[in-house]
Amino acid sequence: MYTAHTDRYADMPYRRTGRSGLKLPALSLGLWHNFGPDRPVETQRAILRRAFDLGVTHFDLANNYGPPPGAAEESFGEALKTDFARYRDEMIISTKAGYLMWPGPYGEWGSRKYLMSSLDQSLQRMGLDYVDIFYSHRPDPDTPFEETMGALHSAVQQGKALYVGISNYSAEQTREAARILGELGTPLLIHQPRYSMLDRRPEDEGLLDALDELQVGSIVFSPLEQGVLTARYLDGIPEDSRAASDSPFLNSDAITEDLVAKLRALNDIARSRGQSLAQLALAWVLRGRRVTSALVGASSPQQLEDSVAAIRNLDFDADELARIDAAIKG
């Protein structure tokens, strides 16, 4: 039987999420990849156990994570039953709905019908009575925000979620979602945008400013750009890398000579800080505390340990930030 480390809260910093009472670990574990039937169950369990032992209390899922869709929630549900049942109250578990899950007009987007049905299915797959955070995974251009936000509010009212969030919403859409939820009496807790040293749209398009203004938390996905911001591509494209596979999220065309040169320059900066490139990238998104938590994936416990080690140095001086900007601009 798994027993969590007694010192699991010793090192991980926890950050308050917006103006709520909820704190999240600086690093959270995302189950977007590596938790489907194509991965050994024991490896999956080892990653989850190691995460919890390191103080990673937040586990982020979505209805469509796998592959196939639903597989990550099923795998996580089995791990909950086997390893974590007695630790449930120490865990933050989130899921989302918005992308395609089943055929027909009610299997995706943001209708009340889809969101409530999807949440019920997610709870069943994980064997839970409630999730801590339920997200609208993407805005629906054809459904009024009042309906989508109303469904999130209902999830809380029905006791199926403690908090609600949104993902992939623009700054303007975030303000509108927060307004509607506030009027309903279920505050918007958190936004999950894509953000990294190489993708600064949340800064450039005013999303981080909006979240500061609204006092809403943020948890960023792809801070390592699907593994690009690691040592994997410093010398080209390894045969066993994601870019060399048929992944829809990263292909070999993205790994250009110009990008590799930038990665090498960033790696030099990381070395000067005593960090790996991945640790530098994670520390960068967490700098200044504008971001509540950064989501990391892991294919092994060792990879997770390397990511978590980023918390040892989250501070940057002005010269380091300028060198990073210069490296990216080339």
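This text follows the structure it describes.
Along each chain, numbering runs from 1 in the same order as the chain's sequence is written. With pLDDT at 70 or above as the cut-off, local features in this predicted model cover only qualifying residues; side-chain atom pairs require 80 or more to be listed or tallied, and sums for whole chains, interfaces and linings still use all residues. Side-chain numbers here rest on the full set of heavy atoms in the structure, without hydrogens or water.

**Q** Report on the pattern of salt bridges, specifying residues and quantitative values.
**A** Salt bridges are defined by distance alone: a side-chain nitrogen of Lys or Arg within 4 Å of a carboxyl oxygen of Asp or Glu. By the definition in use, this model includes 22 salt bridges. Where Asp60 meets Lys96, a salt bridge forms, and the shortest distance between an N and an O atom there is 2.7 Å. Residue Asp60 is located in strand E4 (residues 58–60), and its partner Lys96 is located in strand E5 (residues 92–97); the two are separated by 36 residues in the primary sequence. Taking the relative accessible area as the measure of exposure, Lys96 reaches 0% and is therefore buried. For Arg287, the salt bridge goes to Glu203, with nearest N and O atoms at 2.8 Å. One end of the pair, Arg287, is in the loop between helix H9 (277–286) and strand E10 (293–296); the other, Glu203, is in helix H6 (residues 201–204), with 84 residues separating them in the sequence. Where salt bridges share partners, they join Arg194, Asp199, Arg201 and Glu225 into one cluster. Each helix is a run of H or I in the DSSP string that is no shorter than four residues. Each strand is a run of E no shorter than two, and both are numbered from the N terminus. We call a residue buried when its accessible area falls under 20% of the maximum for its residue type, exposed when it is over 50%, and partly exposed in between, using a 1.4 Å probe and counting protein chains only.

**Q** Please give an account of the pairing of E5 that cites residues and values.
**A** Across the six residues that make up E5, a large majority, six, are buried. A two-sided burial pattern is seen for E5, the buried positions comprising Ile92, Ser94 and Lys96 on one face and Ile93, Thr95 and Ala97 on the other. Strands were regarded as paired on the criterion that DSSP finds at least two bridges between them. Two strands pair when backbone bridges link them, and E4 and E5 are joined in this way by three bridges, in the parallel orientation. Opposite Asp60, over in E5, you have Ser94 as the bridge partner. Think of it like this: strands point away, you trace from the first strand over the helix to the second, and a clockwise trace means the crossover is right-handed. As for the winding sense of the linkage, the β-α-β connection from E4 through helix H2 (residues 71–84) to E5 is right-handed. Inspection of the sheet shows E5 paired to strand E6 (residues 131–136) by four bridges, in the parallel sense. Looking at E6, one finds that Ala97 is bridged to Ser136. What joins E5 to E6 is helix H3 (residues 112–126), and the crossover it makes is right-handed.

**Q** Outline the nonpolar core, listing residues and values.
**A** Take the buried Ala, Val, Leu, Ile, Met, Phe, Trp, Tyr and Cys residues and link them wherever side-chain atoms come within 4.5 Å; each set so joined is a nonpolar core. Core analysis: the largest hydrophobic core is formed by 92 residues, its most contacted members being Leu29, Phe76 and Leu266. Ranked by residue count, the leading element in this core is H9, at nine residues. Any two residues whose heavy atoms approach within 4.5 Å at even a single point are treated as in contact. Filtering out sequence-adjacent residues up to four positions away, Phe76 remains in contact with Leu31, Leu48, Phe59, Leu61, Met91, Ile93 and Met126. Among the nonpolar cores identified, the runner-up in size contains ten residues, and Leu22, Tyr135, Ile190 and Leu295 belong to it.

**Q** Now, about the packing of helix H1 (residues 41–53) against H2: what can you tell me, with residues and values included?
**A** With axes taken as lines fitted to C-alpha atoms, and helix axes fitted only over the stretch in contact, angles between N-to-C directions fall between 0 and 180 degrees. With their axes 10 Å apart at the nearest point, H1 and H2 run at an angle of 60° to one another. On the basis of the axis angle, H1 is oblique to H2. The chirality of how H1 crosses H2 is right-handed. Across the interface between the two elements, Gln44, Arg45, Leu48, Arg49 and Phe52 of H1 pack against Ser75, Phe76, Glu78, Ala79, Thr82, Asp83 and Phe84 of H2. Of the residues in the contact of H1 with H2, the class split is five nonpolar, three polar and four charged. Should an angle lie under 35 degrees it is considered roughly parallel, over 145 roughly antiparallel, and from 65 to 115 roughly perpendicular; all remaining angles are considered oblique. Helix crossings are classified by the rotation of the near helix relative to the far one: an anticlockwise turn of less than a right angle makes the crossing left-handed, while a clockwise turn makes it right-handed. Classes in brief: Ala, Val, Leu, Ile, Met, Phe, Trp, Tyr, Cys and Pro nonpolar; Asp, Glu, Lys and Arg charged; the others, Gly included, polar.

**Q** Describe the environment of Gln157, listing the residues and the values that go with them.
**A** Tracing the sequence through the fold places Gln157 in helix H4 (residues 145–157). Remark: the alpha-carbon pair of Gln157 and Asp315, spanning 158 residues in sequence, is separated by 40 Å.

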